[in-house]
Amino acid sequence: MMTVRHTFREVKGICPVNGGIDFYEIIVEFTYDDDAWRDNFWHVETLSDFFNEITKTPISQESLSIKIA
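Along each chain, numbering runs from 1 in the same order as the chain's sequence is written. Totals for whole chains, interfaces and linings use every residue, but because this is a predicted model, local features are given only for residues with pLDDT of at least 70 and side-chain atom pairs only at 80 or more, for both listing and counting. Side-chain metrics rest on all non-hydrogen atoms present in the structure, leaving aside hydrogens and water.

**Some details on the pattern of salt bridges**
Here, a salt bridge means any Lys or Arg side-chain nitrogen found within 4 Å of an Asp or Glu carboxyl oxygen. The full count for this structure, using the stated rule, is 3 salt bridges. The salt bridge involving E29 is made with R5; its shortest N-O contact spans 2.5 Å. Of this pair, E29 sits in strand β2 (residues 21-32) while R5 sits in strand β1 (residues 2-14), and the two are 24 residues apart along the sequence. Relative accessibility thresholds used throughout: buried, under 20% of the residue-type maximum; exposed, over 50%; partly exposed, between the two (1.4 Å probe, protein chains only). Judged by its relative accessible area of 54%, R5 falls in the exposed class. Here E25 makes a salt bridge to R9, at a shortest N to O gap of 3.0 Å. Of this pair, E25 sits in strand β2 while R9 is found in strand β1, placing the two residues 16 residues apart along the sequence. In DSSP terms, a helix is any run of H or I states spanning at least four residues, a strand is any run of E spanning at least two, and both are numbered starting from the N terminus.

**Notes on the nonpolar core**
Buried Ala, Val, Leu, Ile, Met, Phe, Trp, Tyr and Cys residues form a nonpolar core when they are joined through side-chain atoms within 4.5 Å. Counting residues in each nonpolar core, the largest one holds 12 residues, listed as F8, V11, Y24, I26, V28, F30, Y32, L47, F51, I54, I59 and L64. Counting residues per element, the ones that place at least two in this core are β1, β2 and α1 (44-54). Sorting elements by how many residues they give to this core places β2 first, with 5 residues. By definition, residues are in contact when any of their heavy atoms lie within 4.5 Å. For V28, the contacting residues outside a window of four places in its chain are V4, R5, H6, F8, L47 and F51.

**Some remarks on the pairing of β1**
Here the rule is simple: two strands pair whenever DSSP picks up at least two bridges between them. The sheet contact formed by β1 and β2 spans 11 bridges and is antiparallel. Each residue of the ladder has a partner; that of K12, found in β2, is F23. With antiparallel pairing between neighbouring strands as the criterion, β1 and β2 make up a hairpin whose turn holds 6 residues, including G19 at a positive phi of roughly 75°.

**Thoughts on the side chain of T55**
Along the chain, T55 turns up in the loop between α1 and α2 (61-68). For this analysis, a polar contact is any N or O atom pair within 3.5 Å, provided that within protein one partner can donate a hydrogen and the other can accept it, and provided that sequence-adjacent residues contribute only side-chain to side-chain pairs. Here the side chain of T55 touches K12 through a polar contact of 3.3 Å, landing on its backbone oxygen. Looking at T55, its side chain comes within polar contact range of the main-chain oxygen of F51, at 2.7 Å. Those residues within four positions of T55 in sequence are excluded, and the remaining contacts are V11, K12, G13 and L64.

Put into C-alpha cells, the structure is as follows:
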C-alpha cells in the first residue's frame, strides 16, 4: 500500500462576500494498493490547474471544498 500526498500551500481565491483575497492550504491524499497509482490521472500539475480554474471567479471556502471533494 502506498499513500501519495500533495500539499498546495497558497491557493488564492476571491471572497464572494467582500471581494477580498483568500488564501487556502489544500492537501490532497490518495492511498493505493500495489501499483495502481501509476494509472491515476490526478498528477500534481492537473490538480494545480484545477484549483487555478475553479478560483478564477469568487468562491466561498465551503463551495471550494465541495468542488474539490
